[in-house]
Amino acid sequence: MSLLPLQSPTLPSVEELQERAHVVCLPLHVRFRGVVERQAVLLDGPQGWSEFSPFLEYADAEAARWLACAVEAGWEGLPAPVRTAVPVNATVPAIPASDVEQLLARYDAPGTVKVKVAEAGQTLADDVARLAAVRAVLPQARLRIDANQSWGHREALVALEALAPFGLEYAEQPVPGIEGLARLREELARRGLPVLIAADESVRKESDPLAVAQAGAADLIVVKAQPLGGVRRALEIVRQAGLPAVVSSALDTSVGLRVGAGLAAALPQLPYACGLGTGSLFVSDVVEPGYVASGGELDLRTVAADPALLARHAASAERREWWMARLSRAHAVLAAQAR
Ligand SMILES: O=C(O)CCC(=O)C1=CC=C[C@@H](O)[C@@H]1C(=O)O
Ligand SMILES: [Mg+2]
């Protein structure tokens, strides 16, 4: 397959990136992906603010794709939108059912809710209770689940039998691997269990993001601008995959969420609400008000980080140094690819 190169046409020097970089540490209302604070580098690019925030454990080659996205958004800008607003889902982390109502109150009129399931240390009964709690608060909402590839084949079948009665829009990455998804999808069809399968990790963490579509292993793909190396590369992946796509966040700050909204706004078709509602999980952000949905939608306003908030949430000197070194290594990966 041919994809756009990872780097933007002009890769700025590492010195320029570092001069324009602000490292922040933002508290979250709930634990998400095992963290209670989000660290991010925000770049004051000539075409607008952009974000470099690969998860802390990611190696440099993977982090370089996130930097390619930041360079594209900040130095090239976003592609022209084909719509003026994007629908978003509320995201419910693997919290106790008793906390669901309070969490959902942070979202304004969500028409769709994504519920995290299969959390380590929890049971299927916890997942059922969490979905039931969501259903009780929002009887009309579309529901989807995300297992983050934590089930095995048989476990997934048992879980999906139990959760399908909630009327799932789809199940995101129920099991690991492209073969695992394909096998599960076949078995669901054989059993007449009507749950669509969405691929997330099998798109963003595979060396070939199109492999899952080529294998016929999923009904739809989840696309995230930072992990896929930028908005234009993600658009090209969706075009070549030929499957419906769900745009989602990488737990970005408001700046990264706006880039994700730029991806969603530029897609020719947007059949599903986007996972770009995660700004509501932040206690504080780099813009005020944060880039959160109202009436279940994000508008396409300009998002520019506020200097006072950047200062208030500035990371420690030690974290800043760590991020600058990481930025430099990711830059070296992109520079080597450009040669
Ligand atoms: O899609 C959403 O509703 C929100 C984003 C989201 O779920 C994720 C963001 C960041 C990291 C991931 O573990 C997670 C996901 O797996 O989709
Ligand atoms: Mg996911």
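Residues numbered from 1 in each chain as written. Chains lettered and ligands numbered in written order. Predicted model: local features only at pLDDT ≥ 70, side-chain atom pairs only at ≥ 80, totals over all residues.

1. Quick look at the site of ligand 1
The immediate surroundings of ligand 1 are formed by 13 residues, with Thr91, Lys114, Ser248, Leu251 and Gly275 found nearest. A breakdown of the residues in the shell around ligand 1 according to their chemical character gives 2 nonpolar, 7 polar and 4 charged. (Near = placed C-beta within 6 Å. Nonpolar A, V, L, I, M, F, W, Y, C, P; charged D, E, K, R; others polar.)

2. Overview of the UniProt feature "domain: Mandelate racemase/muconate lactonizing enzyme C-terminal" (unreviewed entry) in the protein chain
UniProt tags residues 96-191 as "domain: Mandelate racemase/muconate lactonizing enzyme C-terminal" (unreviewed entry). With 46% helix and 16% strand, residues 96-191 has end C-alpha atoms that lie 31 Å from one another. (UniProt positions renumbered as here; feature names shortened; annotations may be inferred. Helix = DSSP H or I, 4+ residues; strand = E, 2+ residues; numbered from the N terminus.)

3. So, the nonpolar core
In terms of nonpolar packing, the biggest core is built from 107 residues, with Leu67, Ala198, Ile221, Val223 and Leu263 touching the most fellow members. Counting residues per element, this core draws most heavily on helix H2 (residues 60-76), at 10 residues. Apart from the residues lying within four places of it in its own chain, the contact partners of Leu263 are Ala225, Val231, Ala234, Leu235 and Val247. (Core = buried A, V, L, I, M, F, W, Y, C linked by C-beta atoms within 7 Å. Buried ≥ 20, exposed ≤ 12 C-beta atoms within 10 Å, placed from the backbone. Contact = placed C-beta atoms within 7 Å.)

4. Let's talk about the UniProt feature "binding site: Mg(2+)" (unreviewed entry) in the protein chain
The feature "binding site: Mg(2+)" (unreviewed entry), as annotated in UniProt, sits at Asp146, Glu172 and Asp200 in this numbering. A stretch of 55 residues holds the annotated residues, and the largest C-alpha distance among them is 9.1 Å, short enough that they meet in one place. Mapping Glu172 onto the fold places it in strand S8 (residues 168-172). Glu172 gets classed as buried once you count the C-beta atoms within 10 Å, which come to 27. Not counting residues within four places of it along the chain, the set of residues in contact with Glu172 comprises Arg144, Ile145, Asp146, Ala147, Ala198, Asp200 and Val222. The residue Asp200 is located in the loop between strand S9 (197-199) and helix H7 (201-204) in this model. A residue is classified by how many C-beta atoms lie within 10 Å of it, and Asp200, with 24 of them, is buried. Residues in contact with Asp200, not counting those within four places in the same chain, are Glu172, Gln173 and Val222.

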